[in-house]
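Fold and geometry: a report
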Amino acid sequence: MQVLITGGAGFIGSTIARRFLADGHRVRILDSLETGLLANIPADAEFIEADIRDTDTLGKACQGVEVILHQAAMVSVVLSVAEPSLCFDVNVVGTQRVLQAAVAAGARRVVMASSSAVYGNNPVQPKREDSPLDPLSPYADSKLTNEVNARYYSAYHGLETVCFRYFNVFGPRQRPDSPYSGVISILALKLMQDETFTIFGTGEQTRDFVFAEDVAGAITAAATQPGIRHEVLNVGSGRPTSLLELVELAAAAIGRPPKLAFAEGRAGDVMHSQADVTGLAQRLGYTARTSLDVGLARTLDWMQG
Ligand code: UD2
């Protein structure tokens, strides 16, 4: 089938692109290259450099497309707090345009990236899709609004929609070069360079780390499964790992003791985050398979070139 991946030059989008090409699908990528990289785009994919808010180009990019895998977004929570209007414009207006363009072009389905951020500081563990929501940033707010919009497009325009609440996604091609990069990419780089890794808080906070190729597997199921109208599903491993455990695993994989420093916890950091993944298994028959050890080893291999 022909798919369009918005944000396909990004870390997650380009992992999805590789998976769909390997499965024999035709892949078109639309990306502004704001945070995505040209080097991430597979040679066999068609590439259009544009922002999702550019309705004319978006409309053309949707022509002949059966399923849209919408990953483009402003992805930084911290940036969203500094620039809430820009976050709303890119994430909410941009996503509304993707949904509208999908309907106009006759696309069947949109699978889009939401976030565990919608749960905020809700202390319930693991988080179920029907757990209370507590969006605490413009970013979380934008992702929740997109879920509501997707439901509307499904109910009133017959567009099939799947919203995936990603937990902490990691893997090859994740950028370690910003202070807000995923913790695994930062930690791996520090260990490899024998530099000090700073733990914010006690290190006892837990996260649900899910390997990007498993996310691509879940997206494949979401794109191909018949009989979907509107779904909102967690995408995680279902397992909590503390930061201290993560450091130990990564250091063992690299074979060098870590140099650690501790600093005050980040403002707004949630203490524990774990996905209930039964929804994903029941609705789409998919469960993430890659263990943290294996995923870490593959990420480190990639970083070491
Ligand atoms: C993740 C998402 C974010 C949002 C949020 C919702 C990533 C990269 N970010 O943020 O987009 O969806 O979940 O809750 O997946 N840490 C350190 N040292 C470092 C960097 C991080 O100790 O150098 C800590 C950090 O304070 C946090 C944990 O590691 O406790 C994970 O940090 P993160 O930035 O990878 O992801 P998170 O969960 O804050």
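Structural data are supplied above this passage.
To start, this report covers the structure provided alongside it. (Residues numbered from 1 in each chain as written. Predicted model: local features only at pLDDT ≥ 70, side-chain atom pairs only at ≥ 80, totals over all residues. Heavy atoms only, no water.)

Points about the overall build of the chain
Of the regular secondary structure elements, the chain holds 10 helices and 13 strands. When the backbone C-alpha atoms are referred to their principal axes, the chain occupies close to 55 × 40 × 40 Å. Partitioning the contacts of the chain with sequence separation of at least 6, the portion at a separation of at least 24 is 79%. Placing the 26 positive and 33 negative side-chain charges of the chain at their respective mean positions leaves the two points 4 Å apart. (Helix = DSSP H or I, 4+ residues; strand = E, 2+ residues; numbered from the N terminus. Contact = heavy atoms within 4.5 Å. Lys, Arg positive; Asp, Glu negative; His and termini not counted. Charge placed at Lys NZ, Arg CZ, Asp CG, Glu CD.)

Some thoughts on the site of the ligand
Neighbouring the ligand are 20 residues; Ser 115, Val 183, Phe 200, Arg 207 and Asp 269 lie closest to it. At 2.6 Å, a side-chain N or O of Arg 207 approaches an oxygen atom of the ligand. Elements represented by at least two residues in the shell around the ligand include exactly α6 (183-192) and β8 (196-200). Counting residues per element, the shell around the ligand draws most heavily on β8, at 4 residues. (Near = heavy atom within 4 Å. Polar contact = N/O pair within 3.5 Å; in protein donor to acceptor, adjacent residues only side chain to side chain.)

What to know about unusual backbone geometry
With an omega of -15°, the peptide bond between Gln 125 and Pro 126 qualifies as cis. The phi angle at Leu 33 is positive, at roughly 60°, despite the residue not being glycine. Structurally, Leu 33 is set in the loop between β2 (26-31) and β3 (46-49). Backbone geometry at Asp 194 places phi at a positive 55°, although glycine is not the residue there. Along the chain, the position of Asp 194 falls in the loop between α6 and β8.

Side note on helix α4 (residues 84-105)
Between its terminal C-alpha atoms α4 stretches 30 Å, which fits the 32 Å expected from 22 residues at 1.5 Å a residue. Of all the residues in α4, the buried ones are Cys 87, Val 90, Asn 91, Val 92, Gly 94, Thr 95, Val 98, Leu 99, Ala 101 and Ala 102. Just downstream of α4, Gly 106 is the residue with a positive phi angle, here 75°. (Expected span 1.5 Å × (residues − 1). Buried < 20%, exposed > 50% of the residue type's maximum accessible area, 1.4 Å probe, protein only.)

Structural notes on helix α10 (residues 292-303)
When the terminal C-alpha atoms of α10 are compared, their 16 Å separation across 12 residues agrees well with the 16 Å that a helix rising 1.5 Å per residue should span. Inspection of α10 places Leu 292, Gly 295, Leu 296, Thr 299, Leu 300 and Met 303 among the buried residues, and these make up the whole buried set. Around the axis of α10, the buried residues are gathered within 130° of arc, so they sit on the same side. (Arc of directions from axis to C-beta.)

Brief notes about the pattern of salt bridges
Two side chains with opposite charge may pair up if their charged atoms get near one another. Counted according to the given criterion, the structure contains 15 salt bridges. Glu 46 serves as the salt-bridge partner of Arg 28, at 3.1 Å between the closest nitrogen and oxygen. With Arg 28 in strand β2 and Glu 46 in strand β3, this pair connects stretches of sequence that are 18 residues apart. For Glu 46, a relative accessible area of 39% corresponds to the partly exposed category. A salt bridge links Arg 108 to Glu 66, with the nearest nitrogen and oxygen atoms 2.9 Å apart. Placement of Arg 108 in the loop between α4 and β5 (109-115) and of Glu 66 in the loop between α2 (55-61) and β4 (67-70) is noted, with a sequence separation of 42 residues between them. Given a relative accessible area of 32%, Glu 66 falls into the partly exposed group. Shared partners join several salt bridges into a network, and the residues in it are Glu 66, Arg 108, Arg 109 and Glu 160. (Salt bridge = Lys/Arg side-chain N within 4 Å of Asp/Glu carboxyl O.)

What to know about the sheet that holds β3
Picture the strands of a sheet paired through backbone hydrogen bonds; they go either parallel or antiparallel. The strand order β3-β2-β1-β4-β5-β6-β11 describes an open sheet built from 7 strands, whose pairing is parallel. Looking at strand neighbours, the two that pair on one side only are β3 and β11 (230-235), the edges of this open sheet. Across the sheet, the axes of successive neighbouring strands diverge by a mean angle of 20°, strand direction being ignored. As paired elements, β2 and β3 share 4 bridges and run parallel to each other. Directly across from Ile 29, in β3, lies its bridge partner Phe 47. (Pairing = 2+ DSSP bridges. Axes fitted to C-alpha atoms, helices over the stretch in contact; angles between N-to-C directions.)

Focus on the packing of helix α8 (residues 243-254) against α10
Relative to each other, α8 and α10 sit at 55°, their axes nearing to 10 Å. One element, α8, and the other, α10, form an angle in the oblique class. Crossing of α8 over α10 shows right-handed handedness. Here Leu 246, Leu 249, Ala 250, Ala 253 and Ile 254 of α8 lie close against α10, whose contacting residues are Leu 292, Asp 293, Leu 296 and Leu 300. Class assignment of the residues belonging to the contact of α8 with α10 gives a composition of 8 nonpolar, no polar and 1 charged. (Parallel < 35°, antiparallel > 145°, perpendicular 65-115°, else oblique. Left-handed = near helix turned anticlockwise from the far one by under 90°. Nonpolar A, V, L, I, M, F, W, Y, C, P; charged D, E, K, R; others polar.)

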